[in-house]
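Fold and geometry: a report
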Amino acid sequence: TPINRPWEGSSGESLGILTEACNSFQARAYKAFFPSRMPVAAIPVGPQSEETSDRAKRVAQYLQWSLFVKEQSYKEDKAAMLLRVAVHGSDFTKTYFDPVMNRIVVRPVRAEDLYVPYTVGPVSIDEVPRKTEVIHLALNEGRIRASEGYFLVAPDPMQIGQYRSPIQEQNDQDTGVVQVNAESDDYAQIIEQHRDLDLDGDGIAEPYKVWVDITSEELLRVEVRYEVDNTGRPTNGRLPIEEYTHYRFLVNPDGFYGFGLGFLLGNTNIAINKLLRQFIDATTLSIAGNMSGFISESLNINKGPVKIELGSFKAVSASTDDIQKGIKTLSFPAPPPTVMQAMTVLEARAQRIGATTDAVSG
(Lines give C-alpha, C1' and ligand atoms only; values in the text may rest on other atoms or scores of the structure.)
Protein backbone atom coordinates (compact mmCIF):
# COMPACT_ATOMS: atom_id res chain seq x y z
CA THR A 1 0.00 0.00 0.00
CA PRO A 2 1.50 3.39 -0.93
CA ILE A 3 2.38 5.51 2.09
CA ASN A 4 1.70 9.20 2.74
CA ARG A 5 -1.65 9.23 0.94
CA PRO A 6 -3.53 12.53 1.41
CA TRP A 7 -6.76 10.69 2.28
CA GLU A 8 -8.15 7.19 2.33
CA GLY A 9 -8.97 6.03 -1.16
CA SER A 10 -6.72 8.55 -2.87
CA SER A 11 -4.84 7.55 -6.00
CA GLY A 12 -1.82 5.26 -5.82
CA GLU A 13 -1.41 4.57 -9.53
CA SER A 14 1.98 4.69 -11.24
CA LEU A 15 3.34 4.73 -14.76
CA GLY A 16 6.05 2.13 -15.41
CA ILE A 17 8.38 4.43 -17.37
CA LEU A 18 11.48 2.91 -15.74
CA THR A 19 10.17 -0.63 -16.18
CA GLU A 20 9.40 -0.05 -19.86
CA ALA A 21 12.85 1.45 -20.50
CA CYS A 22 14.65 -1.43 -18.76
CA ASN A 23 12.61 -4.07 -20.56
CA SER A 24 13.21 -2.35 -23.90
CA PHE A 25 16.98 -2.21 -23.33
CA GLN A 26 17.10 -5.82 -22.16
CA ALA A 27 15.24 -7.03 -25.25
CA ARG A 28 17.54 -5.14 -27.65
CA ALA A 29 20.75 -5.98 -25.80
CA TYR A 30 19.86 -9.68 -25.60
CA LYS A 31 19.60 -9.83 -29.39
CA ALA A 32 22.96 -8.06 -29.69
CA PHE A 33 24.47 -10.45 -27.14
CA PHE A 34 23.24 -13.55 -28.99
CA PRO A 35 22.90 -12.47 -32.65
CA SER A 36 22.73 -16.05 -33.92
CA ARG A 37 22.52 -19.65 -32.75
CA MET A 38 26.32 -19.89 -33.03
CA PRO A 39 27.61 -16.64 -31.47
CA VAL A 40 30.93 -18.06 -30.23
CA ALA A 41 33.96 -17.86 -32.52
CA ALA A 42 37.63 -18.65 -31.87
CA ILE A 43 40.42 -16.88 -33.74
CA PRO A 44 43.80 -18.61 -34.19
CA VAL A 45 46.87 -16.67 -33.15
CA GLY A 46 50.41 -17.00 -34.40
CA PRO A 47 51.31 -18.52 -37.77
CA GLN A 48 48.20 -19.31 -39.81
CA SER A 49 47.73 -22.80 -41.18
CA GLU A 50 44.99 -25.25 -41.91
CA GLU A 51 45.76 -27.03 -38.64
CA THR A 52 45.36 -23.87 -36.51
CA SER A 53 42.13 -22.97 -38.34
CA ASP A 54 40.68 -26.42 -37.67
CA ARG A 55 41.73 -26.18 -34.04
CA ALA A 56 40.01 -22.79 -33.70
CA LYS A 57 36.81 -24.29 -35.10
CA ARG A 58 36.99 -27.15 -32.60
CA VAL A 59 37.55 -24.71 -29.74
CA ALA A 60 34.56 -22.64 -30.86
CA GLN A 61 32.36 -25.74 -31.05
CA TYR A 62 33.49 -26.84 -27.59
CA LEU A 63 32.78 -23.42 -26.08
CA GLN A 64 29.42 -23.39 -27.86
CA TRP A 65 28.54 -26.76 -26.33
CA SER A 66 29.84 -25.79 -22.88
CA LEU A 67 27.87 -22.55 -22.68
CA PHE A 68 24.60 -23.45 -24.35
CA VAL A 69 24.26 -27.22 -23.81
CA LYS A 70 26.15 -28.11 -20.66
CA GLU A 71 25.35 -24.79 -18.90
CA GLN A 72 21.59 -24.70 -19.28
CA SER A 73 21.26 -21.44 -17.32
CA TYR A 74 23.87 -19.42 -19.26
CA LYS A 75 21.41 -17.55 -21.49
CA GLU A 76 18.93 -17.09 -18.67
CA ASP A 77 21.67 -15.65 -16.42
CA LYS A 78 22.74 -13.25 -19.16
CA ALA A 79 19.15 -12.10 -19.69
CA ALA A 80 18.83 -11.41 -15.96
CA MET A 81 22.19 -9.64 -15.98
CA LEU A 82 21.07 -7.27 -18.74
CA LEU A 83 17.98 -6.34 -16.76
CA ARG A 84 19.95 -5.76 -13.55
CA VAL A 85 22.60 -3.67 -15.29
CA ALA A 86 19.88 -1.52 -16.88
CA VAL A 87 18.33 -0.80 -13.49
CA HIS A 88 21.41 -0.49 -11.28
CA GLY A 89 24.10 0.50 -13.77
CA SER A 90 26.57 -2.27 -12.87
CA ASP A 91 26.51 -6.05 -12.69
CA PHE A 92 29.17 -8.75 -12.58
CA THR A 93 29.88 -12.25 -13.85
CA LYS A 94 32.44 -14.60 -12.35
CA THR A 95 34.25 -17.15 -14.54
CA TYR A 96 36.59 -19.68 -12.93
CA PHE A 97 37.62 -23.33 -12.86
CA ASP A 98 36.16 -25.28 -9.93
CA PRO A 99 38.43 -28.25 -9.06
CA VAL A 100 35.75 -29.88 -6.92
CA MET A 101 33.17 -29.81 -9.72
CA ASN A 102 35.99 -30.29 -12.28
CA ARG A 103 34.59 -27.80 -14.76
CA ILE A 104 34.55 -24.13 -15.69
CA VAL A 105 31.83 -22.20 -13.88
CA VAL A 106 30.19 -18.99 -15.13
CA ARG A 107 28.21 -17.50 -12.26
CA PRO A 108 26.33 -14.18 -11.89
CA VAL A 109 27.40 -11.89 -9.04
CA ARG A 110 25.19 -9.04 -7.88
CA ALA A 111 26.79 -5.63 -7.43
CA GLU A 112 25.64 -5.54 -3.81
CA ASP A 113 27.55 -8.78 -3.10
CA LEU A 114 30.90 -7.56 -4.46
CA TYR A 115 32.76 -5.01 -2.36
CA VAL A 116 35.59 -2.85 -3.67
CA PRO A 117 37.47 0.06 -2.02
CA TYR A 118 35.26 3.12 -2.32
CA THR A 119 38.07 5.39 -3.56
CA VAL A 120 39.23 3.23 -6.48
CA GLY A 121 37.88 5.76 -8.97
CA PRO A 122 37.14 5.16 -12.65
CA VAL A 123 39.24 2.01 -13.10
CA SER A 124 38.52 -1.35 -14.66
CA ILE A 125 37.77 -4.38 -12.52
CA ASP A 126 41.17 -6.00 -13.17
CA GLU A 127 42.95 -2.92 -11.74
CA VAL A 128 41.17 -3.09 -8.37
CA PRO A 129 43.75 -4.45 -5.87
CA ARG A 130 41.23 -5.92 -3.44
CA LYS A 131 37.79 -7.39 -4.19
CA THR A 132 35.60 -9.10 -1.60
CA GLU A 133 32.56 -11.19 -2.54
CA VAL A 134 29.90 -12.32 -0.08
CA ILE A 135 28.82 -15.87 -0.96
CA HIS A 136 25.83 -17.77 0.40
CA LEU A 137 27.00 -21.37 0.15
CA ALA A 138 24.80 -24.38 0.82
CA LEU A 139 25.88 -26.04 4.06
CA ASN A 140 26.01 -29.47 2.49
CA GLU A 141 28.21 -28.18 -0.33
CA GLY A 142 30.51 -26.63 2.26
CA ARG A 143 30.79 -29.99 4.03
CA ILE A 144 31.53 -31.71 0.72
CA ARG A 145 34.30 -29.22 -0.07
CA ALA A 146 35.77 -29.77 3.41
CA SER A 147 35.69 -33.55 2.94
CA GLU A 148 37.41 -33.18 -0.45
CA GLY A 149 40.18 -31.10 1.14
CA TYR A 150 39.17 -27.92 -0.70
CA PHE A 151 38.25 -26.22 2.61
CA LEU A 152 40.26 -26.64 5.81
CA VAL A 153 37.07 -26.99 7.87
CA ALA A 154 33.36 -27.10 7.15
CA PRO A 155 31.65 -23.68 7.43
CA ASP A 156 29.12 -22.98 10.19
CA PRO A 157 25.46 -22.11 9.56
CA MET A 158 24.97 -18.43 8.83
CA GLN A 159 23.20 -16.15 11.30
CA ILE A 160 20.14 -14.75 9.55
CA GLY A 161 19.67 -11.04 10.20
CA GLN A 162 23.07 -10.55 11.86
CA TYR A 163 25.04 -9.37 8.84
CA ARG A 164 22.99 -7.31 6.40
CA SER A 165 24.11 -4.88 3.76
CA PRO A 166 22.73 -1.30 3.71
CA ILE A 167 20.80 -2.22 0.56
CA GLN A 168 19.13 -5.16 2.32
CA GLU A 169 18.29 -2.98 5.33
CA GLN A 170 16.66 -0.40 3.04
CA ASN A 171 14.71 -3.14 1.22
CA ASP A 172 13.48 -4.53 4.55
CA GLN A 173 12.44 -1.03 5.63
CA ASP A 174 10.57 -0.36 2.38
CA THR A 175 8.76 -3.72 2.40
CA GLY A 176 8.10 -3.80 6.13
CA VAL A 177 10.07 -7.01 6.67
CA VAL A 178 11.34 -7.53 10.23
CA GLN A 179 14.48 -9.65 10.36
CA VAL A 180 14.84 -11.95 13.37
CA ASN A 181 18.27 -13.28 14.29
CA ALA A 182 18.27 -17.03 13.77
CA GLU A 183 20.54 -19.82 12.59
CA SER A 184 20.08 -20.96 9.00
CA ASP A 185 19.43 -24.61 8.33
CA ASP A 186 20.53 -24.41 4.70
CA TYR A 187 23.28 -21.87 4.07
CA ALA A 188 26.65 -20.63 5.27
CA GLN A 189 27.89 -17.09 4.69
CA ILE A 190 31.42 -16.89 3.30
CA ILE A 191 33.61 -14.09 2.02
CA GLU A 192 36.00 -14.72 -0.86
CA GLN A 193 38.61 -12.02 -1.14
CA HIS A 194 40.92 -11.49 -4.11
CA ARG A 195 43.94 -9.56 -2.88
CA ASP A 196 47.75 -9.35 -2.78
CA LEU A 197 49.63 -10.98 0.11
CA ASP A 198 53.32 -11.32 0.89
CA LEU A 199 53.27 -14.85 2.32
CA ASP A 200 56.89 -15.71 1.47
CA GLY A 201 58.31 -12.63 3.21
CA ASP A 202 60.32 -11.34 0.25
CA GLY A 203 58.74 -7.90 0.40
CA ILE A 204 56.72 -8.44 -2.79
CA ALA A 205 53.06 -9.34 -2.54
CA GLU A 206 51.54 -11.93 -4.85
CA PRO A 207 47.86 -12.30 -5.85
CA TYR A 208 45.88 -14.80 -3.76
CA LYS A 209 42.29 -15.85 -3.13
CA VAL A 210 41.25 -16.16 0.52
CA TRP A 211 38.05 -17.75 1.86
CA VAL A 212 36.80 -16.98 5.39
CA ASP A 213 33.67 -18.19 7.16
CA ILE A 214 31.85 -15.09 8.44
CA THR A 215 30.04 -16.87 11.28
CA SER A 216 32.99 -18.73 12.81
CA GLU A 217 35.65 -16.30 11.49
CA GLU A 218 37.67 -19.37 10.49
CA LEU A 219 40.07 -19.43 7.53
CA LEU A 220 38.74 -21.91 4.97
CA ARG A 221 41.25 -21.73 2.12
CA VAL A 222 44.13 -19.73 0.59
CA GLU A 223 44.84 -20.23 -3.11
CA VAL A 224 47.25 -18.62 -5.58
CA ARG A 225 45.65 -16.35 -8.17
CA TYR A 226 48.29 -16.52 -10.89
CA GLU A 227 49.27 -19.05 -13.53
CA VAL A 228 51.85 -21.75 -12.82
CA ASP A 229 53.48 -24.39 -15.00
CA ASN A 230 53.44 -28.15 -14.50
CA THR A 231 56.14 -27.89 -11.82
CA GLY A 232 54.28 -25.19 -9.85
CA ARG A 233 56.54 -22.33 -10.88
CA PRO A 234 54.87 -18.97 -11.56
CA THR A 235 54.47 -17.90 -15.17
CA ASN A 236 53.43 -14.69 -16.91
CA GLY A 237 55.18 -12.55 -14.30
CA ARG A 238 52.72 -13.59 -11.56
CA LEU A 239 50.07 -11.37 -13.06
CA PRO A 240 46.72 -12.01 -11.35
CA ILE A 241 44.02 -14.04 -13.06
CA GLU A 242 40.90 -11.89 -13.22
CA GLU A 243 37.71 -13.88 -12.69
CA TYR A 244 35.19 -11.03 -12.59
CA THR A 245 33.67 -9.33 -15.61
CA HIS A 246 32.14 -5.91 -15.01
CA TYR A 247 29.12 -4.95 -17.13
CA ARG A 248 28.14 -1.27 -17.06
CA PHE A 249 25.08 0.36 -18.58
CA LEU A 250 26.62 3.85 -18.84
CA VAL A 251 30.26 4.40 -17.91
CA ASN A 252 30.78 6.71 -14.96
CA PRO A 253 33.72 9.03 -15.81
CA ASP A 254 34.43 9.70 -12.11
CA GLY A 255 33.63 6.41 -10.40
CA PHE A 256 33.87 2.63 -10.54
CA TYR A 257 30.18 1.76 -10.83
CA GLY A 258 28.17 2.63 -13.93
CA PHE A 259 25.04 4.73 -14.21
CA GLY A 260 21.77 2.86 -14.69
CA LEU A 261 18.28 3.86 -15.70
CA GLY A 262 17.31 3.83 -12.05
CA PHE A 263 19.65 6.80 -11.61
CA LEU A 264 18.83 8.45 -14.94
CA LEU A 265 15.03 8.01 -14.85
CA GLY A 266 14.21 7.37 -11.20
CA ASN A 267 13.45 10.96 -10.16
CA THR A 268 11.65 11.67 -13.43
CA ASN A 269 9.43 8.62 -12.96
CA ILE A 270 8.66 9.75 -9.39
CA ALA A 271 7.69 13.21 -10.67
CA ILE A 272 5.43 11.69 -13.34
CA ASN A 273 3.77 9.45 -10.75
CA LYS A 274 3.14 12.42 -8.47
CA LEU A 275 1.56 14.44 -11.29
CA LEU A 276 -0.55 11.44 -12.33
CA ARG A 277 -1.86 10.92 -8.81
CA GLN A 278 -2.54 14.62 -8.38
CA PHE A 279 -4.47 14.66 -11.66
CA ILE A 280 -6.55 11.62 -10.69
CA ASP A 281 -7.20 12.96 -7.19
CA ALA A 282 -8.18 16.40 -8.53
CA THR A 283 -10.58 14.75 -10.99
CA THR A 284 -12.06 12.60 -8.21
CA LEU A 285 -12.58 15.66 -6.02
CA SER A 286 -14.16 17.63 -8.87
CA ILE A 287 -16.71 14.81 -9.28
CA ALA A 288 -17.29 13.24 -5.87
CA GLY A 289 -16.03 16.14 -3.78
CA ASN A 290 -18.53 18.57 -5.26
CA MET A 291 -21.30 16.21 -4.16
CA SER A 292 -20.34 16.49 -0.48
CA GLY A 293 -20.55 19.25 2.10
CA PHE A 294 -22.16 20.34 5.38
CA ILE A 295 -25.79 20.44 6.57
CA SER A 296 -26.95 22.79 9.32
CA GLU A 297 -28.50 21.10 12.37
CA SER A 298 -31.26 23.74 12.29
CA LEU A 299 -32.80 21.87 9.37
CA ASN A 300 -35.27 19.19 10.38
CA ILE A 301 -33.33 16.42 8.67
CA ASN A 302 -32.17 13.17 10.16
CA LYS A 303 -28.52 13.18 11.20
CA GLY A 304 -26.06 11.29 9.06
CA PRO A 305 -25.42 11.23 5.33
CA VAL A 306 -28.29 12.39 3.17
CA LYS A 307 -28.66 10.31 0.02
CA ILE A 308 -30.82 11.43 -2.88
CA GLU A 309 -32.18 8.91 -5.37
CA LEU A 310 -32.06 10.21 -8.90
CA GLY A 311 -35.49 10.67 -10.47
CA SER A 312 -37.28 11.08 -7.12
CA PHE A 313 -37.93 13.82 -4.56
CA LYS A 314 -37.28 13.68 -0.80
CA ALA A 315 -39.85 15.28 1.51
CA VAL A 316 -38.47 17.52 4.29
CA SER A 317 -40.17 19.92 6.68
CA ALA A 318 -37.80 22.80 5.96
CA SER A 319 -38.47 25.30 3.20
CA THR A 320 -36.42 25.44 0.08
CA ASP A 321 -34.95 28.75 1.19
CA ASP A 322 -33.90 27.20 4.51
CA ILE A 323 -32.40 24.26 2.66
CA GLN A 324 -30.44 26.58 0.42
CA LYS A 325 -29.14 28.47 3.42
CA GLY A 326 -28.49 25.37 5.58
CA ILE A 327 -26.55 23.30 3.10
CA LYS A 328 -22.98 24.18 2.15
CA THR A 329 -21.48 22.14 -0.69
CA LEU A 330 -17.76 21.89 -1.17
CA SER A 331 -16.30 23.26 -4.38
CA PHE A 332 -13.35 21.59 -6.09
CA PRO A 333 -12.32 22.83 -9.53
CA ALA A 334 -11.36 20.44 -12.30
CA PRO A 335 -7.63 19.72 -12.64
CA PRO A 336 -5.85 22.29 -14.78
CA PRO A 337 -4.61 21.17 -18.20
CA THR A 338 -1.08 22.20 -17.25
CA VAL A 339 -0.79 19.02 -15.16
CA MET A 340 -1.28 16.82 -18.19
CA GLN A 341 1.05 19.03 -20.21
CA ALA A 342 3.79 18.67 -17.58
CA MET A 343 3.26 14.89 -17.56
CA THR A 344 3.56 14.77 -21.34
CA VAL A 345 6.80 16.78 -21.32
CA LEU A 346 8.38 14.63 -18.59
CA GLU A 347 7.26 11.39 -20.21
CA ALA A 348 8.70 12.42 -23.58
CA ARG A 349 11.99 13.31 -21.93
CA ALA A 350 12.07 10.01 -20.05
CA GLN A 351 11.34 8.09 -23.25
CA ARG A 352 14.25 9.82 -25.01
CA ILE A 353 16.66 8.99 -22.18
CA GLY A 354 15.45 5.41 -22.00
CA ALA A 355 15.79 4.89 -25.75
CA THR A 356 19.25 6.47 -26.13
CA THR A 357 21.46 3.52 -25.22
CA ASP A 358 24.56 1.88 -26.62
CA ALA A 359 22.45 -0.91 -28.10
CA VAL A 360 20.56 1.62 -30.25
CA SER A 361 23.16 4.26 -30.97
CA GLY A 362 25.92 1.72 -31.63
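A brief structural summary. Everything quoted here is computed from the prediction, not taken from an experiment.

Quick look at the overall build of the protein chain now. For the protein chain, the helix and strand inventory stands at 9 helices and 12 strands. Compactness check: the protein chain gives a C-alpha radius of gyration of 31 Å against a globular reference of 21 Å for 362 residues, more than 25% above the reference. Across the protein chain, every contact between residues at least 6 apart in sequence was considered, and the portion connecting residues at least 24 apart equals 62%. When the accessible surface of the protein chain is summed, it comes to about 23,600 Å², and 54% of that surface belongs to carbon and sulfur atoms.

Strand pairing in a sheet relies on backbone hydrogen bonds, with the paired strands running either antiparallel or parallel. Spatially, 3 strands are ordered β2-β1-β10 in an open sheet, and the strand pairing comes out antiparallel. Because the sheet does not close on itself, it has two edges, and the strands there are β2 (103-109) and β10 (244-248). Averaged over all adjacent pairs, the angle separating strand axes in this sheet is 20 degrees, with direction ignored. The sheet contact formed by strand β1 (residues 90-98) and β10 spans 5 bridges and is antiparallel. Within β10, the position partnered with Phe92 by the bridge is His246.

This part is about the nonpolar core. Counting 14 residues, the largest nonpolar core has Phe25, Val85, Ala86, Phe249, Leu261 and Leu265 as its most contacted members. Sorting elements by how many residues they give to this core places helix α1 (residues 17-33) first, with 5 residues. Non-local contacts of Val85, meaning those with residues more than four positions away in its chain, are made with Phe25, Ser90, Asp91, Tyr247, Arg248, Phe249 and Gly260. Ranked by size, the runner-up nonpolar core spans 10 residues in total, among them Val109, Val116, Val120 and Val128.

Before going further, it helps to examine the pattern of salt bridges. Inspection of every chain in the model, using the stated rule, returns 14 salt bridges. Arg221 is paired through a salt bridge with Glu223; the nearest N and O atoms lie 2.9 Å apart. The class of Glu223 is buried, set by a relative accessible area of 18%. Ionic contacts of the salt-bridge type, sharing partners, join the residues Lys94, Arg107, Glu133 and Glu192 into one network.

Next up on the list: the environment of His136. Along the chain, His136 falls in strand β4 (residues 131-138). Sequence separation of His136 and Ile191 is 55 residues, and the distance between their C-alpha atoms is 8.8 Å. If we ignore the near neighbours within four places in the chain, the residues touching His136 are Met158, Tyr187, Ala188 and Gln189. Among the polar contacts made by the side chain of His136, one reaches the side chain of Gln189 at a distance of 3.5 Å.

Working note: regular strand, side chains alternate between the two faces of the sheet. Where burial is concerned, most of strand β8 (residues 206-213) is hidden: 7 out of the 8 residues are buried. Pairing geometry for β8 and strand β9 (residues 219-224), over 5 bridges, is antiparallel. Opposite Val212, over in β9, you have Leu219 as the bridge partner. The hairpin formed by β8 and β9 contains 5 residues between the paired strands, and Glu217 there has a positive phi angle of roughly 60 degrees.

Here the phi dihedral of Asn102 falls at roughly 60 degrees; this positive angle occurs in a residue that is not glycine. Relative to the assigned elements, Asn102 resides in the loop between β1 and β2. On the accessibility criterion, Asn102 (58% relative accessible area) is exposed. At Asn236, a position not held by glycine, the phi torsion is positive, near 55 degrees. Note on placement: Asn236 falls in the loop between β9 and β10.

Turning to the sheet that holds β9, a few remarks are in order. In space, the 5 strands of this open sheet follow the order β3-β4-β7-β8-β9, with antiparallel pairing throughout. Of all strands in the sheet, those with a lone pairing partner are β3 (114-115) and β9, marking the two edges. Here helix α4 (residues 139-147) sits on the sheet and contacts β4 and β7 (187-197); the angle it forms with β4, its principal contact strand, is near 105 degrees.

Take the pairing of β1 next. For β1, the tally of buried residues reaches 7 of 9 residues, placing the bulk of the element in the interior. Note: β1 against β2, 7 bridges, orientation antiparallel. Looking at β2, one finds that Phe92 is bridged to Val109.

To continue, consider the packing of aromatic side chains. If you walk through the whole model with that rule in mind, you get 13 aromatic pairs. Plain terms: the ring middles of Phe34 and Phe68 are 5.8 Å apart, the flat faces sit at 75 degrees to each other, and that makes the pair edge-to-face. A residue pair is termed long-range when its members are at least 10 positions apart, and Phe34 in the loop between α1 and α2 (50-70) and Phe68 in helix α2 qualify at 34 residues. Taking 5.7 Å as the distance between ring centres and 70 degrees as the angle between the ring planes, the aromatic pair formed by Phe68 and Tyr74 counts as edge-to-face. Within the aromatic cluster, the residues linked to one another by ring pairs are Tyr30, Phe33, Phe34, Phe68, Tyr74 and Tyr247. The aromatic ring of Phe34 is capped on one face by Lys75, whose charged end is 5.3 Å from the ring centroid.

Here is what the cut-offs are and how they apply
Residues numbered from 1 in each chain as written. Predicted model: local features only at pLDDT ≥ 70, side-chain atom pairs only at ≥ 80, totals over all residues. Heavy atoms only, no water. Helix = DSSP H or I, 4+ residues; strand = E, 2+ residues; numbered from the N terminus. Rg over C-alpha atoms; globule rule 2.2 N^0.38 Å. Contact = heavy atoms within 4.5 Å. Areas by Shrake-Rupley, 256 points an atom, 1.4 Å probe, with all protein chains shown as cover. Pairing = 2+ DSSP bridges. Axes fitted to C-alpha atoms, helices over the stretch in contact; angles between N-to-C directions. Core = buried A, V, L, I, M, F, W, Y, C linked by side-chain atoms within 4.5 Å. Buried < 20%, exposed > 50% of the residue type's maximum accessible area, 1.4 Å probe, protein only. Salt bridge = Lys/Arg side-chain N within 4 Å of Asp/Glu carboxyl O. Polar contact = N/O pair within 3.5 Å; in protein donor to acceptor, adjacent residues only side chain to side chain. Phe/Tyr/Trp six-rings, centres within 6.5 Å; stacked < 30°, edge-to-face > 60°. Lys NZ or Arg CZ within 6 Å of the ring centre and 35° of its normal.

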